[in-house]
Amino acid sequence: MRHVLLEALVPGAKAEDVLHAVRRWERYPELAPHVQSTTVHATYPKPDCASSWELHFRSGLLRWTERDEFLVDALEIRFEQTEGDFDTFRGTWSLAQRGDDVTVRFEADFDFGIPSLEGILDPIAERVVMETIAWAVAGMHPGTEILGDVAGPESARPGAAAPA
(Lines give C-alpha, C1' and ligand atoms only; values in the text may rest on other atoms or scores of the structure.)
Protein backbone atom coordinates (compact mmCIF):
# COMPACT_ATOMS: atom_id res chain seq x y z
CA MET A 1 0.00 0.00 0.00
CA ARG A 2 1.40 3.40 -1.00
CA HIS A 3 0.50 6.59 0.88
CA VAL A 4 0.25 9.97 -0.88
CA LEU A 5 0.18 13.25 1.03
CA LEU A 6 0.00 16.75 -0.40
CA GLU A 7 -0.59 19.95 1.52
CA ALA A 8 -1.24 23.41 0.16
CA LEU A 9 -1.90 26.86 1.55
CA VAL A 10 -4.50 28.98 -0.25
CA PRO A 11 -4.09 32.63 0.79
CA GLY A 12 -7.00 35.00 1.33
CA ALA A 13 -9.76 32.43 0.87
CA LYS A 14 -12.70 30.92 2.69
CA ALA A 15 -12.51 27.18 3.35
CA GLU A 16 -16.01 26.39 2.12
CA ASP A 17 -15.35 28.25 -1.15
CA VAL A 18 -12.13 26.29 -1.67
CA LEU A 19 -13.95 23.02 -0.91
CA HIS A 20 -16.60 23.79 -3.52
CA ALA A 21 -13.90 24.65 -6.08
CA VAL A 22 -11.92 21.47 -5.33
CA ARG A 23 -15.00 19.24 -5.77
CA ARG A 24 -15.54 20.41 -9.35
CA TRP A 25 -13.89 17.35 -10.87
CA GLU A 26 -15.05 18.35 -14.37
CA ARG A 27 -12.49 21.21 -14.32
CA TYR A 28 -9.45 18.99 -13.67
CA PRO A 29 -8.66 18.23 -17.35
CA GLU A 30 -8.21 21.96 -18.03
CA LEU A 31 -6.17 22.49 -14.84
CA ALA A 32 -3.88 19.46 -14.68
CA PRO A 33 -2.07 18.12 -17.75
CA HIS A 34 -2.01 14.53 -16.46
CA VAL A 35 -5.83 14.39 -16.52
CA GLN A 36 -7.15 13.07 -19.82
CA SER A 37 -10.79 13.21 -18.72
CA THR A 38 -13.20 13.23 -15.81
CA THR A 39 -16.87 12.29 -15.87
CA VAL A 40 -19.06 13.42 -13.01
CA HIS A 41 -21.93 10.96 -12.64
CA ALA A 42 -23.49 12.71 -9.64
CA THR A 43 -22.20 15.40 -7.28
CA TYR A 44 -23.03 17.46 -4.22
CA PRO A 45 -25.71 17.95 -2.94
CA LYS A 46 -26.89 14.53 -4.15
CA PRO A 47 -26.38 11.81 -1.53
CA ASP A 48 -24.82 9.18 -3.86
CA CYS A 49 -21.98 10.83 -5.75
CA ALA A 50 -19.55 9.28 -8.20
CA SER A 51 -16.96 10.27 -10.78
CA SER A 52 -14.73 8.53 -13.33
CA TRP A 53 -11.14 9.50 -14.05
CA GLU A 54 -8.53 8.94 -16.76
CA LEU A 55 -4.95 10.07 -16.06
CA HIS A 56 -1.96 9.83 -18.39
CA PHE A 57 0.21 7.13 -16.87
CA ARG A 58 3.36 5.69 -18.43
CA SER A 59 2.42 4.99 -22.06
CA GLY A 60 -1.31 4.66 -21.46
CA LEU A 61 -4.15 5.73 -19.21
CA LEU A 62 -4.86 4.99 -15.57
CA ARG A 63 -8.65 4.62 -15.18
CA TRP A 64 -11.01 4.32 -12.23
CA THR A 65 -14.47 5.19 -10.97
CA GLU A 66 -14.90 6.39 -7.42
CA ARG A 67 -17.64 6.97 -4.90
CA ASP A 68 -17.39 10.56 -3.60
CA GLU A 69 -18.72 11.71 -0.25
CA PHE A 70 -18.95 15.46 0.37
CA LEU A 71 -19.00 16.41 4.06
CA VAL A 72 -19.33 20.16 3.59
CA ASP A 73 -19.90 20.98 7.28
CA ALA A 74 -16.72 19.07 8.19
CA LEU A 75 -14.82 20.63 5.22
CA GLU A 76 -13.96 17.16 3.97
CA ILE A 77 -14.30 15.05 0.83
CA ARG A 78 -13.85 11.28 0.99
CA PHE A 79 -13.43 9.03 -2.01
CA GLU A 80 -12.98 5.34 -2.71
CA GLN A 81 -12.52 3.48 -5.98
CA THR A 82 -15.46 1.26 -6.89
CA GLU A 83 -13.87 -0.10 -10.08
CA GLY A 84 -10.72 0.50 -12.06
CA ASP A 85 -7.02 -0.12 -12.45
CA PHE A 86 -6.10 0.03 -8.77
CA ASP A 87 -6.72 -2.90 -6.48
CA THR A 88 -7.37 -0.28 -3.77
CA PHE A 89 -7.60 3.52 -4.01
CA ARG A 90 -9.17 5.69 -1.32
CA GLY A 91 -8.52 8.98 0.36
CA THR A 92 -9.60 12.27 1.86
CA TRP A 93 -9.45 15.96 1.13
CA SER A 94 -9.44 17.97 4.39
CA LEU A 95 -9.63 21.74 4.53
CA ALA A 96 -9.19 24.12 7.46
CA GLN A 97 -9.54 27.86 7.87
CA ARG A 98 -6.33 29.37 9.30
CA GLY A 99 -7.02 33.06 9.76
CA ASP A 100 -7.37 34.55 6.29
CA ASP A 101 -5.91 31.45 4.62
CA VAL A 102 -7.03 27.89 3.97
CA THR A 103 -4.97 24.74 4.33
CA VAL A 104 -5.77 21.93 1.92
CA ARG A 105 -4.61 18.43 2.77
CA PHE A 106 -4.99 15.58 0.26
CA GLU A 107 -4.25 12.06 1.48
CA ALA A 108 -4.70 8.83 -0.43
CA ASP A 109 -3.71 5.21 -0.15
CA PHE A 110 -3.41 3.02 -3.22
CA ASP A 111 -2.28 -0.43 -4.21
CA PHE A 112 -2.21 -1.97 -7.68
CA GLY A 113 -2.25 -5.47 -6.21
CA ILE A 114 0.81 -6.51 -8.24
CA PRO A 115 3.65 -6.95 -5.73
CA SER A 116 6.25 -7.76 -8.40
CA LEU A 117 5.68 -4.37 -10.10
CA GLU A 118 5.11 -2.11 -7.09
CA GLY A 119 8.70 -0.82 -7.21
CA ILE A 120 8.09 0.39 -10.77
CA LEU A 121 4.42 1.41 -10.81
CA ASP A 122 3.91 2.88 -7.33
CA PRO A 123 6.44 5.75 -7.55
CA ILE A 124 5.14 6.79 -10.96
CA ALA A 125 1.50 6.70 -9.82
CA GLU A 126 2.38 8.63 -6.66
CA ARG A 127 4.07 11.37 -8.69
CA VAL A 128 1.18 11.58 -11.19
CA VAL A 129 -1.44 11.84 -8.42
CA MET A 130 0.54 14.42 -6.42
CA GLU A 131 1.29 16.58 -9.45
CA THR A 132 -2.35 16.39 -10.55
CA ILE A 133 -3.53 17.67 -7.18
CA ALA A 134 -0.85 20.39 -7.06
CA TRP A 135 -1.67 21.63 -10.58
CA ALA A 136 -5.43 21.59 -9.95
CA VAL A 137 -5.37 23.44 -6.61
CA ALA A 138 -2.84 26.01 -7.86
CA GLY A 139 -4.85 26.49 -11.05
CA MET A 140 -8.06 27.11 -9.11
CA HIS A 141 -6.47 29.52 -6.66
CA PRO A 142 -3.63 31.75 -7.91
CA GLY A 143 -1.05 32.35 -5.20
CA THR A 144 -1.45 28.87 -3.74
CA GLU A 145 1.67 27.57 -2.03
CA ILE A 146 2.28 23.85 -2.40
CA LEU A 147 3.95 22.65 0.79
CA GLY A 148 6.57 19.92 0.59
CA ASP A 149 8.46 18.45 -2.32
CA VAL A 150 6.23 18.19 -5.38
CA ALA A 151 7.51 18.73 -8.90
CA GLY A 152 6.35 21.89 -10.58
CA PRO A 153 4.46 23.91 -7.94
CA GLU A 154 5.88 27.17 -9.33
CA SER A 155 4.89 26.09 -12.83
CA ALA A 156 1.49 24.81 -11.72
CA ARG A 157 -0.34 27.53 -13.55
CA PRO A 158 -2.84 27.26 -16.38
CA GLY A 159 -1.02 27.40 -19.69
CA ALA A 160 2.34 26.35 -18.26
CA ALA A 161 4.14 23.35 -19.69
CA ALA A 162 3.35 19.99 -18.11
CA PRO A 163 5.96 18.54 -15.78
CA ALA A 164 8.17 15.85 -17.30
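Residues numbered from 1 in each chain as written. Predicted model: local features only at pLDDT ≥ 70, side-chain atom pairs only at ≥ 80, totals over all residues. Heavy atoms only, no water.

**Focus: the nonpolar core**
- Core analysis: the biggest nonpolar cluster contains 48 residues, and Y28, W93 and F106 have the highest contact counts within it.
- Looking at this core element by element, the count peaks at eleven residues for helix α3 (residues 118–140).
- Sequence-distant contacts of W93, that is, excluding residues within four places in its chain, are made with V22, W25, Y28, L75, E76, I77, F79, V104, R105, F106, I133 and V137. (Core = buried A, V, L, I, M, F, W, Y, C linked by side-chain atoms within 4.5 Å. Buried < 20%, exposed > 50% of the residue type's maximum accessible area, 1.4 Å probe, protein only. Helix = DSSP H or I, 4+ residues; strand = E, 2+ residues; numbered from the N terminus. Contact = heavy atoms within 4.5 Å.)

**Thoughts on the pattern of salt bridges**
- Taken as a whole, this structure holds ten salt bridges when the rule is applied.
- A salt bridge links E30 to R27; the shortest N-O distance between them is 3.5 Å.
- We note a salt bridge from E76 to R78, for which the minimum N-O separation is 2.5 Å.
- Residues participating in the shared-partner salt-bridge network are E7, R105 and E107. (Salt bridge = Lys/Arg side-chain N within 4 Å of Asp/Glu carboxyl O.)

**Quick look at the environment of E7**
- Tracing the backbone shows E7 in strand β1 (residues 2–10).
- The spacing of E7 and E80 is 73 residues in sequence and 20 Å in space, taken between C-alpha atoms.
- Within the local environment of E7, its side chain forms a polar contact with the side chain of R105, the two groups lying 2.5 Å apart. (Polar contact = N/O pair within 3.5 Å; in protein donor to acceptor, adjacent residues only side chain to side chain.)

**A short note on the sheet that holds strand β2 (residues 35–42)**
- Strand order in the open sheet formed by eight strands is β2-β3-β4-β5-β6-β7-β1-β8, with antiparallel pairing between adjacent strands. The open sheet has two free edges, formed respectively by β2 and β8 (145–147), since each of these has just one partner strand. Pairs of neighbouring strands in the sheet enclose a mean axial angle of 20 degrees, with direction left out of account.
- Sheet analysis places β2 next to strand β3 (residues 49–57), joined by six bridges and oriented antiparallel. When the bridges of β3 are listed, A42 appears paired with A50. (Pairing = 2+ DSSP bridges. Axes fitted to C-alpha atoms, helices over the stretch in contact; angles between N-to-C directions.)

**Considerations on the side chain of T65**
- Position of T65 relative to the elements: it lies in strand β4 (residues 60–71).
- In terms of polar contacts, T65 uses its side chain to reach the side chain of S52, at 2.8 Å.
- Not counting residues within four places of it along the chain, the set of residues in contact with T65 comprises H41, S51, S52, E80, Q81, T82 and E83.

**Notes on a nonpolar patch on the surface**
- There is a patch of nonpolar side chains on the surface, built from I114, L117 and I120 and spanning about 230 Å² of accessible area.
- Position of I120 relative to the elements: it lies in helix α3.
- Overall, I120 belongs to the partly exposed group, its relative accessible area being 46%. (Patch = residues over 30% accessible without salt bridge, like charges linked within 9 Å, V, L, I, M, F, W, Y side chains within 5 Å. Areas by Shrake-Rupley, 256 points an atom, 1.4 Å probe, with all protein chains shown as cover.)

**Quick word on empty space enclosed by the protein**
- Summed over all chains, the structure comprises one cavity of 30 Å³ or more.
- There is about 140 Å³ of room inside the largest cavity.
- Around the largest cavity, the lining residues are W25, W53, L55, W64, E66, F79, F89, W93, F106, V129, T132 and I133.
- At the level of elements, β3, β4, β6 (88–98) and α3 are the ones that each hand at least two residues to the lining of the largest cavity. (1 Å grid on protein atoms, 1.4 Å probe; cavity = no way out; pocket = protein on both sides within 12 Å on 5 of 7 lines; lining within 4 Å. Points joined across faces, edges and corners; volume = space filled by probe spheres on them.)

**Here we look at helix α1 (residues 15–22)**
- Among all positions in α1, only A15, V18, L19, A21 and V22 are buried. Looking straight down α1, one finds that the buried residues subtend no more than 165 degrees of arc, so they occupy a single side.
- Tucked into the core, α1 has its buried residues touching β1, α2 (28–31), β5 (76–84), β6, β7 (101–111) and α3. (Arc of directions from axis to C-beta.)

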